[in-house]
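# A look at the structure
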Amino acid sequence: MPHKIGFVVVSSSGHEDGFSARELMIHAPTVSGWRSPRFCQFPQEIVLQMVERCRIRKLQLLAHQYMISSKIEFYISESLPEYFAPYQAERFRRLGYVSLCDNEKTGCKARELKSVYVDAVGQFLKLIFHQNHANKYNIYNQVALVAINIIGDPADFSDESNTASREKLIDHYLGHNSEDPALEGTYTRRSDYISPLDDLAFDMYQDPEVAQIIRKLDERKREAVQKERYDYAKKLKQAIADLQKVGERLGRYEVEKRCAVEKEDYDLAKEKKQQMEQYRAEVYEQLELHSLLDAELMRRPLDLPLRPLARSGSPRHQKPMPSLPQLEERGTENQFAEPFLQEKPSSYSLTISPQHSAVDQLLPATDPHPKINAESLPYDERPLPAIRKHHGEAVVEPEMSDADISDARRGGLSGEPEPLTEKALREASSAIDVLGETLVAGAYSKTWSYREDALLALYKKLMEMPVGTPKEDLKNTLRASIFLIRRAIKDIVTSVFQASLKLLKMMITQYIPKHKLSKLETAHCVERTIPVLLTRTGDSSARLRVTAANFIQEMALFKEVKSLQIIPSYLVQPLKTNSSVHLAMSQMGLLARLLKDLGTGSSGFTIDNVMKFSVSSLEHRVYEVRETAVRIILDMYRQHQASILEYLPPDDSNTRKNILYKTIFEGFAKIDGRPTDAEMRARRRAATEEAEKQKKEEIKALQGQLAALKDIQAEVQEKESDAVKPKNQDIQGGKAAPAEALGIPDEHYLDNLCIFCGERSESFTEEGLDLHYWKHCLMLTRCDHCKQVVEISSLTEHLLTECDKKDGFGKCYRCSEAVFKEELPRHIKNKECNPAKPEKMANRCPLCHENFSPGEEAWKAHLMGPAGCTMNLRKTHILQKAPALQPGKSSAVAASGPSGSKAGSKIPTPKGGLSKSSSRTHARR
């Protein structure tokens, strides 16, 4: 079975003062590990020699928090030459490397534990550290290693292999499968099982002395399992689990003591030292009582340095270790106080033995039983439950019966609670007179189970009190019980807290009605306990907060309490500025829930006190509190409408600058059925858009009528011109020919001419051209998104750079066309578009998505020709009406039309119509 392999450091390429590589031979919470020299040359090397030739199974490295190497390489060798030459690379075989995290995510506040699984045989291991990760803390460019752990098997494992073969043979005849998933993780069934006690994390967070004890107990547990002493094995298992927590706590104390020494705070260091000794002695006595630990193992190696790593779980290869010397008596400087307040035990509990052992030498001679003050410690820092038994009791045997186990689960306590102190006697004198000192002592006990038992005994006593008991005795008993309940409500142990709530509920709902006590007694119960309960609603434990809040709500609805109207008056008290967040949130939540349950009629809640509290809570620093206050105000408005407005500022623009008041007033509007400001703005915007839409439609209809009239007028003029044309044709031709032959430009040449498509018509006045551009020109189109008229050749550029909706388009790198951004990823992924060619090689039509020959003239042929663009919706209708172009002017028209279209590609339209002067002015320029 793989186990921890001890090693020594043979050599290193260098180290910083105080951080030698030999530090790696020790695993403990306070070790500093190895550091390279400042501004060293890379790579750095360390050579380790294992205690024997072995097969390495696993390597563990604990990196420094900021002196981190970027890469660490591993080499292994069987042996070194007789002369010392650890840096001869040919002597080592490379295993591989690991990369370490730069630790930026944690802000260089955590250490990385890297585990590497290998399978290599040798006795010498070399580590090569490469360049460090740069960060603001590592100003000297160092690398460091806090600890290294080697886990493996001895290379000569003939005995183990024979044993494994025997076990496999037995399993074969018994019908067991060694690969059974149910047996995975059990060291008795897997030859490659690695114990958690050999893990590096165990040693680095455990007190070294406790770690050795845990390993010894683990060995005994395995022996007990082999001998089928399962009760004893169970007890050892629980003891190991408890000791791991103890060891971690002692490790923290040791680190805190070391930090205090470095800061020269010797008072704190002394306090930590005493705390460790007292805690350690307490736990060791508990272990001795159950015969879980020999006196020899409890001698503390305070006067010895930490030993190098050695295997404790492999008897075959374990070398005999000299026994530790007896401890000298410590001075009487240790100061002790009351025993620890016990925390709730787990399934197994340790108790303190009265018999003295070697650990007693740690204690002052004047006080054989240490008493430790637990009030100054947090609850989870206190040791395992323990009591002291009288001298003369028999020592507990290693085996535990079922009855013992059940007692242990109850807390391992069978004696009486400790006597009351002078302070407690004075404080609880009235309760002692009524309930007796034994019961009160239990309620005051440092042991949680005694406190719980005292409350349960009091519950039983109150339930069994006869009906004919004198009223005065009943009242005195009630008041004494409330005194103990107040104390128990403050208890940090959940079971004691819940027992106090159970007792309080019984007193209010059963004890008082049963004996027909007056409302004054009920009021006394509520008034004495509700402030403490409200305080518990601000507890750091969510479970206690919820339990306390639910009980307050339940108690407020008791018929005996509801009529007193006491609890609402506590809930509407203003929140304190220094109160905890949990307390404020719990109070607001309780108020909101009880308002729904009780209302504001004869319940203690009034419009005045609820609204004053809620409005003041709008200024609280916690968002959840403010949000709950808004919800309460809206709920109050649903019930009382106008009465609520008196407590709020006027609803004007200045008030609405505050987002909370804006939310409140808009909530009022929704409750009343009135539109909110946002809804009114949306309605006005919709009405404006509708009016503009209707206006555009009217303009469009009028333009259509105008076009129809112009068509009729054009037909009439054409007929008249046909009649006059034969007479004047010769004269016009004779005058025109010389002008054309001489190349003299006609100043009226562009009159009645569309500069885009080259069509000429007598109807092309300013209004006629606007209509032509708007509806008929084959070279133009209307943008569906901004309703402007643009050239088809520049439609893509318009959508990407000029359109009102340009932010919604993106350009496809394949087809170079404008595509909606929502559809662009799918468009690109599908690759269904026709790829565009370079501009010098071809034009790209945005209508039919086809490539055609380059040049300006090609656009006219593509958009106007019968074999051109099939997606130009204007072409079919217009070609039927368009007059034939004059042969002599077509080339000039073509040259002047598109060539001027680049600068005027967009034709603005007032209110959706066409500009009346833009096209002609552009053409003349």
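These notes cover the structure that comes with them. (Residues numbered from 1 in each chain as written. Predicted model: local features only at pLDDT ≥ 70, side-chain atom pairs only at ≥ 80, totals over all residues. Heavy atoms only, no water.)

## Thoughts on the overall build of the protein
The secondary structure content of the protein amounts to 29 helices and 15 strands. Counting over 925 residues, the protein shows a buried share of 45%. In the protein, the share of contacts with a sequence separation of at least 24, taken over all contacts with a separation of at least 6, comes to 69%. With an accessible surface of roughly 49,800 Å², the protein has 52% of that area assigned to carbon and sulfur atoms. (Helix = DSSP H or I, 4+ residues; strand = E, 2+ residues; numbered from the N terminus. Buried < 20%, exposed > 50% of the residue type's maximum accessible area, 1.4 Å probe, protein only. Contact = heavy atoms within 4.5 Å. Areas by Shrake-Rupley, 256 points an atom, 1.4 Å probe, with all protein chains shown as cover.)

## What about helix H19 (residues 623–640)?
Compared with an ideal rise of 1.5 Å per residue, which puts 18 residues at 26 Å, H19 spans 26 Å between its outermost C-alpha atoms and is within 8% of the ideal. Where H19 is concerned, the buried positions are Val-625, Thr-628, Ala-629, Val-630, Ile-632, Ile-633, Leu-634, Met-636 and Tyr-637. On the buried face of H19, the contacting elements are helix H17 (581–598), helix H18 (607–617) and helix H21 (659–672). Following H19 by one or two positions, Gln-641 has its phi on the positive side, about 50°. (Expected span 1.5 Å × (residues − 1).)

## Side note on the packing of aromatic side chains
Tallied over the entire structure, the rule returns 9 aromatic pairs. Relative to Tyr-137, the ring of Tyr-66 lies with its centre 5.9 Å away and its plane at 40°, an arrangement referred to as tilted. Residue Tyr-66 is located in the loop between strand S4 (44–63) and strand S5 (71–77), and its partner Tyr-137 is located in the loop between strand S7 (113–129) and strand S8 (144–154); the two are separated by 71 residues in the primary sequence. With a relative accessible area of 37%, Tyr-137 lands in the partly exposed category. Ring plane angle 85° and centroid distance 5.0 Å describe the contact between Phe-852 and Trp-859, whose orientation is recorded as edge-to-face. Grouping residues by exposure puts Phe-852 and Trp-859 together as buried. One cation-aromatic arrangement involves Arg-35 over Phe-19; the distance from NZ or CZ to the ring centre is 4.0 Å. (Phe/Tyr/Trp six-rings, centres within 6.5 Å; stacked < 30°, edge-to-face > 60°. Lys NZ or Arg CZ within 6 Å of the ring centre and 35° of its normal.)

## Some remarks on a positive patch on the surface
Taken together, the side chains of Lys-662, Arg-681, Arg-684 and Arg-685 define a basic patch exposed on the protein surface. Locating Arg-685 in the fold gives a position in helix H22 (residues 677–742). Its relative accessible area of 48% is what places Arg-685 among the partly exposed residues. (Patch = residues over 30% accessible without salt bridge, like charges linked within 9 Å, V, L, I, M, F, W, Y side chains within 5 Å. Salt bridge = Lys/Arg side-chain N within 4 Å of Asp/Glu carboxyl O. Lys, Arg positive; Asp, Glu negative; His and termini not counted. Charge placed at Lys NZ, Arg CZ, Asp CG, Glu CD.)

## Comments concerning the side chain of Ser-500
Along the chain, the position of Ser-500 falls in helix H12 (residues 494–515). Excluding its chain neighbours within four sequence positions, the residues that come into contact with Ser-500 are Leu-455, Ile-485, Ala-488 and Ile-489.

## Notes on the pairing of S8
With 11 of 11 residues buried, S8 is to be regarded as a mostly interior element. Summarising the sheet, strand S1 (residues 3–4) and S8 pair through 2 bridges and their orientation is antiparallel. Along S8, the bridge assignment pairs His-3 with Gly-152. Where S4 lies against S8, 9 bridges are found, and the strand directions are antiparallel. The residue bridging Leu-62 from the neighbouring strand is Ala-147, located in S8. (Pairing = 2+ DSSP bridges.)

## Focus: the nonpolar core
It is characteristic of soluble globular proteins that their nonpolar side chains tend to be buried jointly. Formed by 89 residues in total, the largest nonpolar core has its most connected members in Tyr-511, Met-555 and Ile-567. Ranked by residues supplied to this core, first place goes to H12 with 11 residues. In this structure Tyr-511 touches Leu-462, Met-465, Leu-474, Thr-477, Leu-478, Met-506 and Leu-517, once residues within four positions along its chain are discounted. One finds Ile-56, Leu-61, Leu-125 and Phe-129 within the second-largest nonpolar core, a separate group that totals 30 residues. (Core = buried A, V, L, I, M, F, W, Y, C linked by side-chain atoms within 4.5 Å.)

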